[in-house]
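Below, each chain spelled out in residue letters.
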Amino acid sequence: MNVLIIGANGKIGRIVAQKMSASEDFEPTALIRKEEQKSYFENLNVPTIVESLESAEKTIEETINGFDAIVFSAGSGGSTGADKTIEIDLYGATKVINAAKSQGVSRFVMVSAAFSDVPEFWSAPGMKPYYIAKHLADKELKRGKLNYTILRPVRLTDDEAVGEITIQSDPHELNKEIPRAAVAETILEVLRDRNTHGRVMEMSAGDLSVREAINAFLRA
C-alpha cells in the first residue's frame with residue numbers, strides 16, 4: 001500500500017514511518033514542512049515531499065495524487081495558539097479531505113482526539129479551539145464518502161513499548177493515557193483491515209494487544 005503520512009515529522013508520524021519502512025505491506029512517503037526534516041526519513045529510506053498544509057487546495061491535490069491511502073497525524077502543536085490550531089487541525093485537514101475526494105484517494109486514517117464529540121469535556125484552559133477543530137475535521141471526514149478510520153487516543157505518552165490497549169465507542173470507558181507507539185501500531189493494523197472502514201475508535205491503554213483490541217471493538 002502506497003501511503004502518504006501527513007504530519008510525518010510529528011512524534012506519531014515518525015513512528016509510523018519507522019514501522020512502515022520495516023514492513024513489506026507498505027510503501028510510505030513522508031510529507032514534511034522543512035528541508036531540514038529530511039534526514040530522519042532518509043535514514044529510514046522513506047521518500048519525502050516538502051509541502052505545507054497552509055498551501056492552496058490545488059497544491060495539496062497535486063501532492064496527494066497517486067497514493068493509495070493517507071494517514072493524517074498533523075497538528076499545530078500545543079504552543080502555537082488558537083489561530084494556528086484552526087488553520088492546521090481544521091482547515092488543513094479539510095483541504096486534505098477534499099483533495100482526497102477529488103483525487104480518488106479513498107482510504108483515510110485520521111488521528112484525532114478522545115472526547116472530540118463530548119463538548120462538556122472541552123473546558124480545560126486553552127483546549128476548546130483544539131477540540132472544536134478536531135470535532136469539525138472528523139465530521140467533515142465522516143460525511144466525505146471516503147473509506148475512513150478515525151482514531152481518538154487519550155493523552156499521549158512517549159513510552160517506547162506498544163503495550164496493551166483498549167478501543168471503545170464510549171470515551172468515558174477509557175484509561176488516562178496511551179503510548180504514541182500504540183497509536184502508530186494501530187494505524188498500520190487498521191490500514192490492513194477493511195472492516196475498520198467507517199469506524200471511530202476511542203482508544204487508551206488497556207489489557208489487549210492492538211490486534212485483539214481491534215477485533216474486540218469490531219465484534220462489539
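Residues numbered from 1 in each chain as written. Predicted model: local features only at pLDDT ≥ 70, side-chain atom pairs only at ≥ 80, totals over all residues. Heavy atoms only, no water.

### Quick word on the side chain of Glu 189
Here's step 1: With respect to the helices and strands, Glu 189 occurs in helix α6 (residues 180–191).
Here's step 2: A polar contact of 3.1 Å, which involves the side chain of Glu 189, links it to the side chain of Arg 192. (Helix = DSSP H or I, 4+ residues; strand = E, 2+ residues; numbered from the N terminus. Polar contact = N/O pair within 3.5 Å; in protein donor to acceptor, adjacent residues only side chain to side chain.)

### Thoughts on the sheet that holds strand β2 (residues 27–32)
Here's step 1: Ordered in space as β3-β2-β1-β4-β5-β6-β10-β8, the 8 strands form an open sheet in which the pairing is mixed. Edge positions in the sheet fall to β3 (48–50) and β8 (165–168), since each of these pairs with one other strand and no more. The average undirected angle you get between the axes of adjacent strands in this sheet is 20°.
Here's step 2: Of the pairings in the sheet, the one linking strand β1 (residues 2–6) to strand β4 (residues 69–72) comprises 4 bridges and is parallel in character. Across the sheet, the residue bridging to Val 3 is Ala 69, located in β4.
Here's step 3: Lying over the sheet, helix α1 (residues 11–21) contacts β1, β2, β4 and β5 (107–111), oriented at roughly 160° with respect to β1.
Here's step 4: Against the sheet, helix α4 (residues 82–103) contacts β1, β4 and β5, and its axis sits at roughly 175° relative to β4. (Pairing = 2+ DSSP bridges. Axes fitted to C-alpha atoms, helices over the stretch in contact; angles between N-to-C directions. Contact = heavy atoms within 4.5 Å.)

### Concerning the environment of Asn 195
Here's step 1: Structurally, the position occupied by Asn 195 is in the loop between α6 and β10 (199–205).
Here's step 2: On the accessibility criterion, Asn 195 (56% relative accessible area) is exposed.
Here's step 3: Separated by 165 residues in sequence, Asn 195 and Ala 30 have C-alpha atoms that sit 26 Å apart. (Buried < 20%, exposed > 50% of the residue type's maximum accessible area, 1.4 Å probe, protein only.)

### Some details on the side chain of Lys 95
Here's step 1: Structurally, the position occupied by Lys 95 is in helix α4.
Here's step 2: Of the buried charged residues, Lys 95 lacks a salt bridge, with Glu 87 as the closest side chain of opposite charge at 6.0 Å.
Here's step 3: Reaching out from Lys 95, the side chain makes a polar contact with the backbone oxygen of Leu 53 at a distance of 2.8 Å.
Here's step 4: Not counting chain neighbours up to four residues away, the residues in contact with Lys 95 comprise Leu 53, Glu 54, Ser 55, Glu 57 and Ile 60. (Lys, Arg positive; Asp, Glu negative; His and termini not counted. Salt bridge = Lys/Arg side-chain N within 4 Å of Asp/Glu carboxyl O.)

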